[in-house]
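Spelled out from the first residue to the last, the chains are:
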Amino acid sequence: MSDVIPTGTTRDSAYLFERMTAVTLALATPQAGGSVLDVASGFGQDSLALAARGARVVGAEPSARMVGWARLQGGTAPEPRPRFVRGWSDALPFADGSFDAVLCKGAIDHFDRPELAIAEMARVARPSGRVVLAIANFGSLACRLARALDDVREGWLGRPVARGRRHYDVPADHFTRYDLAAMRAQAGRHLELDVAQGLSLAWGLPSWTHFVERLPEAAAARILEAVGALARRVPRYADVVVLAGRPRAARRSASTSR
């Protein structure tokens, strides 16, 4: 993952990933005993966290290696334990309306057919259920600033182009370059969105990371939370956006009639 996220555990990285997990799981946690589908569940850490809250959880993941690892980790967890299955996001192996909540955290831009995946998540959610998506935003303030600085360096100062992936470059294993407009357009065709929450600003910019690292721990936490509060107000510029909503009735009806 070193070509996707900054290496090491910096304070701005820790804040972003902790907030992304907290917000996504809070939105996806059903009432006691409710059912949740974790799409692209990876090693199963979010599935295990939801199960620990009393949910009946299924993790769907196409990688046999990750499914095996998740089952190994889940085997020692207290009941109720998640069930992990191999499944592709654009052809989920579940009946219509099977789950009270469906989540996909930080994975949808890896899918080669992301809108079909969203349609599938809406299909397997109950009419009153919720689909929750956490998506990296390449229209973020950090990406815009990094691009502007590179334009100055390369265009005005004549410095050579930086090697490797730059902050605003989409990693090679991503199929879609999302900004908030693209997220809303794809998800909105299948979901009645009622949440669009931004998480963190300026994540991964070297100057911001170094500034936060030099602060006393308590001051850094206050600064990160204050900037995070601003990101919640302006998701267009946030580093990650969490979308949530109910399945659109028209889409569900069309799926059921086929």
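Attention here is on the structure that accompanies the text. Just so you know, these numbers come straight off a predicted model, no measurement behind them. (Residues numbered from 1 in each chain as written. Predicted model: local features only at pLDDT ≥ 70, side-chain atom pairs only at ≥ 80, totals over all residues. Heavy atoms only, no water.)

### Quick look at the overall build of the protein chain
- Check the secondary structure of the protein chain and you find nine helices and seven strands.
- A compact globule built from 258 residues would reach a C-alpha radius of gyration of about 18 Å, and the protein chain, at 19 Å, matches this within 12%.
- In terms of principal-axis extent, the alpha carbons of the protein chain reach across some 60 × 40 × 35 Å.
- Looking at the protein chain as a whole, 48% of its 258 residues qualify as buried.
- Sequence-distant contacts in the protein chain: of pairs separated by 6 or more residues, those separated by 24 or more amount to 78%.
- Within the structure as shown, the protein chain displays about 13,000 Å² of accessible surface, and the carbon and sulfur contribution to it stands at 56%. (Helix = DSSP H or I, 4+ residues; strand = E, 2+ residues; numbered from the N terminus. Rg over C-alpha atoms; globule rule 2.2 N^0.38 Å. Buried < 20%, exposed > 50% of the residue type's maximum accessible area, 1.4 Å probe, protein only. Contact = heavy atoms within 4.5 Å. Areas by Shrake-Rupley, 256 points an atom, 1.4 Å probe, with all protein chains shown as cover.)

### Details of the nonpolar core
- Ranked by size, the top nonpolar core spans 29 residues in total, and within it Leu37, Phe94, Val102, Ile108, Met121 and Leu133 carry the most contacts.
- Listing elements by their share of this core, those giving two or more residues are strand S1 (35-39), strand S2 (56-60), strand S4 (99-105), helix H4 (114-124), strand S5 (125-136), helix H6 (180-188) and strand S7 (240-247).
- For this core, the element with the highest residue contribution is H4, accounting for five residues.
- Not counting residues up to four positions away in its chain, the partners in contact with Leu133 are Cys104, Ile108, Ile118, Met121, Ala187, Leu191, Val241, Val242 and Leu243.
- Core analysis: the next-biggest nonpolar cluster, separate from the first, contains 21 residues, Val23, Ala28, Val57 and Val132 among them. (Core = buried A, V, L, I, M, F, W, Y, C linked by side-chain atoms within 4.5 Å.)

### Considerations on the side chain of His174
- Mapping His174 onto the fold places it in the loop between helix H5 (141-156) and H6.
- By relative accessible area, His174 is classed as buried at 12%.
- Here the side chain of His174 touches Asp173 through a polar contact of 2.9 Å, side chain to side chain. (Polar contact = N/O pair within 3.5 Å; in protein donor to acceptor, adjacent residues only side chain to side chain.)

### Let's talk about the packing of helix H1 (residues 11-28) against helix H8 (residues 217-233)
- Running from N to C, H1 and H8 cross one another at 50°; their axes reach a closest spacing of 11 Å. It follows from the interaxial angle that H1 and H8 lie oblique. Crossing geometry of H1 relative to H8 is assigned as right-handed. Between H1 and H8, the contacting residues are Arg11, Asp12, Tyr15 and Arg19 on the first element and Glu217, Ala220, Leu224, Glu225, Gly228 and Arg232 on the second.
- Counted by class, the contact of H1 with H8 contains three nonpolar, one polar and six charged residues. (Axes fitted to C-alpha atoms, helices over the stretch in contact; angles between N-to-C directions. Parallel < 35°, antiparallel > 145°, perpendicular 65-115°, else oblique. Left-handed = near helix turned anticlockwise from the far one by under 90°. Nonpolar A, V, L, I, M, F, W, Y, C, P; charged D, E, K, R; others polar.)

### Let's talk about the pattern of salt bridges
- Scanning the entire structure with this criterion turns up 10 salt bridges.
- Residue Glu79 pairs with Arg81 through a salt bridge whose shortest N-O separation is 3.8 Å.
- A salt bridge links Glu192 to Arg248; the nearest nitrogen and oxygen atoms lie 2.8 Å apart. Residue Glu192 is located in strand S6 (residues 191-199), and its partner Arg248 is located in the loop between S7 and helix H9 (249-257); the two are separated by 56 residues in the primary sequence.
- Counted as one network, the salt bridges with shared partners bring together Asp96, Glu120 and Arg123. (Salt bridge = Lys/Arg side-chain N within 4 Å of Asp/Glu carboxyl O.)

### Focus: the sheet that holds S5
- Spatially, S3-S2-S1-S4-S5-S7-S6 is the arrangement adopted by the seven strands of the open sheet, whose pairing is mixed. Looking at the sheet topology across the chains shown, the edges are occupied by strand S3 (83-85) and S6. Neighbour to neighbour, the strand axes of the sheet diverge by 15° on average, direction disregarded.
- Bridge count for S1 against S4 is three bridges, and the pairing is parallel. Across the sheet, the residue bridging to Asp38 is Leu103, located in S4. (Pairing = 2+ DSSP bridges.)

### Overview of the packing of aromatic side chains
- Under the counting rule described, the total for this entry stands at four aromatic pairs.
- Taking the centre distance of 5.8 Å and the plane angle of 85° together, the rings of Phe17 and Trp203 count as edge-to-face. Of this pair, Phe17 sits in helix H1 while Trp203 is found in the loop between S6 and helix H7 (206-214), placing the two residues 186 residues apart along the sequence.
- The partly exposed category is assigned to Phe17, whose relative accessible area is 30%.
- With a centroid separation of 5.2 Å and an interplanar angle of 90°, the aromatic rings of Phe94 and Phe99 are classed as edge-to-face. (Phe/Tyr/Trp six-rings, centres within 6.5 Å; stacked < 30°, edge-to-face > 60°.)

### Some remarks on a nonpolar patch on the surface
- A grouping of Phe43, Trp69 and Leu72 is seen on the molecular surface, where their side chains present a nonpolar patch of about 340 Å² in accessible area.
- Here Trp69 shows up in helix H3 (residues 64-74). (Patch = residues over 30% accessible without salt bridge, like charges linked within 9 Å, V, L, I, M, F, W, Y side chains within 5 Å.)

### Some points on the pairing of S2
- A large share of S2 lies buried, amounting to four of its five residues.
- Judged from the five bridges that link them, S1 and S2 form a sheet pairing that is parallel. Residue pairing for S2: Ser35 is matched across the bridge by Arg56.
- Read from S1 through helix H2 (residues 45-52) to S2, the crossover connection turns out right-handed.
- Relative to S3, S2 is paired through three bridges, and the arrangement is parallel. Its bridge partner lying in S3, Ala60 is registered against Val85.
- In the classification by handedness, the crossover that spans S2, the intervening H3 and the parallel S3 is right-handed. (Right-handed = clockwise from strand over helix to strand, strands pointing away.)

Nothing here speaks to function; it is geometry throughout.
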